[in-house]
Amino acid sequence: MKDTSPGLKARLAGLLFLIVMAAGVFAEYRVWNVLIVFHDPAATAQNILTQEPLYRVGFAANLVDYSFYLGVTALFYELLKPVGPSLSVAAAAFSLAATAIVAAASLCTYAPLILLHMQGHEPWQALALMCLKLRTVGYDVSLVFFGVHFLLLGLLILRADFLPRLLGVLQMICGACYLINSFASVLSPPLARDLSPYIFMPCIVAELALALWLLFIGVNSQRWRAHAA
């Protein structure tokens, strides 16, 4: 990766980031939010069993989301390391921790497929829904680490002169929103329900802006090399 131009790294990061966002939004809003009824185990089980192919595609989309963001993390580290090596390492570490947590939590998403196909699956409906609720907890925990990751990412972009500082501000807002959502989920679930899905809208705007900028405009290679030197 050292021999790759910063412009190519930026465009590859933008492309992977867009794939991550598309997969994540599809899984959350087209699959989980449609099929899972958190107050009704029987309805959730019925939805999963009658739309099992869609459910499985949602799980696969999450795998694409998490695995591709590892590539995004590595590319962000390479792009922003000249601005602040220590901060870049910290940002990458928080991203890796978050990805590991949410990937482990995704096992709870697959568990209902096993439970609901067991003989006489009715007694397992409540357990299947509990697994899905645990997945939500794991997701909220991962967003604490993703929140810090985006705060550090925003700080690094603010320090760089080869990317617009507005992108840095947007990433810091995104990180703050992730943290607010996660701690609200722990401390005041009713507040978290009131905030959702509005709390994630700034995050979508921030991440989409960064991904599109990197993909179609990239970085100022001359200024990046000046930092690297």
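Scroll up to find the structure.
Note that this is a predicted model, so its numbers are computed, not measured. (Residues numbered from 1 in each chain as written. Predicted model: local features only at pLDDT ≥ 70, side-chain atom pairs only at ≥ 80, totals over all residues. Heavy atoms only, no water.)

Engineer: How should I be thinking about unusual backbone geometry in this particular structure?
Structural biologist: Note: most peptide bonds trans; most residues except glycine with negative phi. Put simply, Ser-196 and Pro-197 share a cis peptide bond, and its omega is 0 degrees. Secondary-structure assignment places Pro-197 in the loop between helix 8 (189-195) and helix 9 (201-216). (Helix = DSSP H or I, 4+ residues; strand = E, 2+ residues; numbered from the N terminus.)

Engineer: Would you take a moment to explain the pattern of salt bridges for this structure?
Structural biologist: As a working rule, side chains carrying opposite charge can pair if their charged atoms are close by. Applying the stated criterion across every chain yields a total of 4 salt bridges. For Glu-52, the salt bridge goes to Arg-56, with nearest N and O atoms at 2.9 Å. You can see Glu-52 and its partner Arg-56 sitting in helix 3 (residues 52-80), 4 residues apart, about one turn around the helix. What makes Glu-52 buried here is its relative accessible area of 16%. Between Glu-78 and Lys-81 there is a salt bridge, with its nearest N and O atoms 4.0 Å apart. Taken together, the shared-partner salt bridges in this structure form one network comprising Lys-9, Glu-78 and Lys-81. (Salt bridge = Lys/Arg side-chain N within 4 Å of Asp/Glu carboxyl O. Buried < 20%, exposed > 50% of the residue type's maximum accessible area, 1.4 Å probe, protein only.)

Engineer: Help me out: how do you make sense of the packing of aromatic side chains in this one?
Structural biologist: Think of a pair of aromatic rings as described by two things: how far the centres are apart, and how the planes are tilted against each other in angle. One pass over the full model with this rule turns up 8 aromatic pairs. Ring centres of Phe-17 and Phe-76 lie 5.8 Å apart, and the angle between their planes is 75 degrees; on these two criteria the pair is classed as edge-to-face. Of this pair, Phe-17 sits in helix 1 (residues 6-35) while Phe-76 sits in helix 3, placing them 59 residues apart in sequence. Exposure remark for Phe-17: the relative accessible area of 0% places this residue in the buried category. According to the relative accessible area criterion, Phe-76 is buried, its value standing at 5%. Centre to centre, the rings of Phe-94 and Phe-145 are 6.1 Å apart; their planes meet at 40 degrees, and the pair counts as tilted. One end of the pair, Phe-94, is in helix 4 (residues 85-105); the other, Phe-145, is in helix 6 (residues 125-159), with 51 residues separating them in the sequence. The partly exposed category is assigned to Phe-145, whose relative accessible area is 27%. Counting every residue linked through ring pairs, the aromatic cluster contains Phe-17, Tyr-69, Phe-76 and Phe-146. (Phe/Tyr/Trp six-rings, centres within 6.5 Å; stacked < 30°, edge-to-face > 60°.)

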